[in-house]
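Chain and residue survey
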Amino acid sequence: MSLPPLPQALIFDWDNTLVDTWPSIIQAMNTTLVAMGHQPWSESEAKGRIAKSMRDAFPALFGDRWLEAKDIFQSSFAAIHLDMLATLPGAEQLLKTARRLGLHVAVVSNKSGGFLRAESTRLGWDQYFVHLVGAGDASRDKPAREPVEMALAGSPVKDMAQVWFIGDNQVDIECGQNAGCRTVLLHPDPESHKNFGAYSPHHVFCGCADFTVFLETLAVPSGTVQ
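Just so we're clear, the structure is a prediction, and the values are computed from it rather than from any experiment.

Take the overall build of the protein next. Of the regular secondary structure elements, the protein holds nine helices and eight strands. In terms of principal-axis extent, the alpha carbons of the protein reach across some 60 × 35 × 30 Å. Each of the 226 residues in the protein was classed as buried or not, and the buried ones make up 48%. Within the protein, counting contacts between residues at least 6 apart in sequence, those at least 24 apart form 66% of the total. Counting only carbon and sulfur atoms, one obtains 51% of the accessible surface of the protein, whose full area is about 10400 Å². Between the mean site of the 18 positive side-chain charges and the mean site of the 25 negative ones, the protein shows a separation of 4 Å.

Pairs may arise between side chains of opposite charge once their charged atoms sit close together. Inspection of every chain in the model, using the stated rule, returns 13 salt bridges. Measuring nitrogen to oxygen at the nearest pair gives 2.7 Å for the salt bridge that ties Lys111 to Asp15. Here Lys111, found in strand S4 (residues 104-112), pairs with Asp15, found in the loop between strand S1 (9-12) and strand S2 (19-20); they are 96 residues apart in sequence, far enough to count as distant.

Taking burial as the measure, the five residues of strand S5 (residues 131-135) include four buried ones, the bulk of the element. Examined bridge by bridge, S4 and S5 share four bridges and lie parallel to one another. The residue bridging Val107 from the neighbouring strand is Leu132, located in S5.

Further remarks concern the sheet that holds S1. Strand order in this open sheet of six strands is S5-S4-S1-S6-S7-S8, and the pairing throughout is parallel. Where the open sheet ends on each side, the last strands, each with one partner, are S5 and strand S8 (203-205). Averaged over all pairs of adjacent strands, the angle between strand axes in this sheet comes to 20 degrees, irrespective of strand direction. Most of the contacts of helix H6 (residues 113-123) go to S4, to which it runs at about 130 degrees, and overall it touches S4 and S5.

We now examine the nonpolar core. Residues Leu10, Phe12, Leu18, Trp125, Phe129, Trp164 and Phe211 are the most contacted members of the largest nonpolar core, which totals 31 residues. Top element by residues in this core is helix H9 (residues 208-222). It accounts for six residues. Beyond its immediate stretch of four places on either side in the chain, Phe12 contacts Thr17, Leu18, Leu94, Leu95, Val105, Ala106, Val107, Val108, Ile166 and Phe211. With 16 residues, the next largest nonpolar core counts Ile26, Met36, Ala69 and Phe115 among its residues.

The next thing to look at is the packing of aromatic side chains. Going through the model one piece at a time under the given rule, you end up with 10 aromatic pairs. Centre to centre, the rings of Phe77 and Phe115 are 5.1 Å apart; their planes meet at 65 degrees, and the pair counts as edge-to-face. Of this pair, Phe77 sits in helix H4 (residues 66-84) while Phe115 sits in helix H6, and the two are 38 residues apart along the sequence. Here Phe77 falls in the buried class, since its relative accessible area comes to 1%. On the accessibility criterion, Phe115 (15% relative accessible area) is buried.

Quick notes on the rules
Residues numbered from 1 in each chain as written. Predicted model: local features only at pLDDT ≥ 70, side-chain atom pairs only at ≥ 80, totals over all residues. Heavy atoms only, no water. Helix = DSSP H or I, 4+ residues; strand = E, 2+ residues; numbered from the N terminus. Buried < 20%, exposed > 50% of the residue type's maximum accessible area, 1.4 Å probe, protein only. Contact = heavy atoms within 4.5 Å. Areas by Shrake-Rupley, 256 points an atom, 1.4 Å probe, with all protein chains shown as cover. Lys, Arg positive; Asp, Glu negative; His and termini not counted. Charge placed at Lys NZ, Arg CZ, Asp CG, Glu CD. Salt bridge = Lys/Arg side-chain N within 4 Å of Asp/Glu carboxyl O. Pairing = 2+ DSSP bridges. Axes fitted to C-alpha atoms, helices over the stretch in contact; angles between N-to-C directions. Core = buried A, V, L, I, M, F, W, Y, C linked by side-chain atoms within 4.5 Å. Phe/Tyr/Trp six-rings, centres within 6.5 Å; stacked < 30°, edge-to-face > 60°.

The following block contains the structure:
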């Protein structure tokens, strides 16, 4: 199989694609569940259920009290997320490589936009991104295509096939497909996408380092990297 051309733009998911935020998300979620009279979730249950934005997920979970639950979650999360923030192996090198190759690099996350941008700033990563689009920034959240369009504002991209959407779960792959992007799954279990149904990624890598090597391989024939 021939290799695809080097993309013009990369749009990354944030949580557990570039940064390890499961501990803070699960802690804040369980604080919210208990406060709302629900049983807390195990780690495996939380990882299987948390993907959508609060405005898409909380009404089904908490009904008419979802705005109350949102306030509890945001207050709990705000108190811990920066101190618990950790980068995933190879993530910053991947971002450095993408920018060195001249790619338009952005983030589309279902994390609240304010929290997302605060985390990027804490890491010193604002320099790598043209846009950081979080939940609530666009008219609809991921997996809708609107945040992808916002993330591409100001880019020269004309063909959405030249945009690659990179994430760690089905919602990311679905979002990329909805926007017409090529999709990349970064996940330590290379078989994790087998239960995605129709949302099968174009490429699967075990982590950021493997994907970095692939990008550099694509750049060599074009003369971008010597």
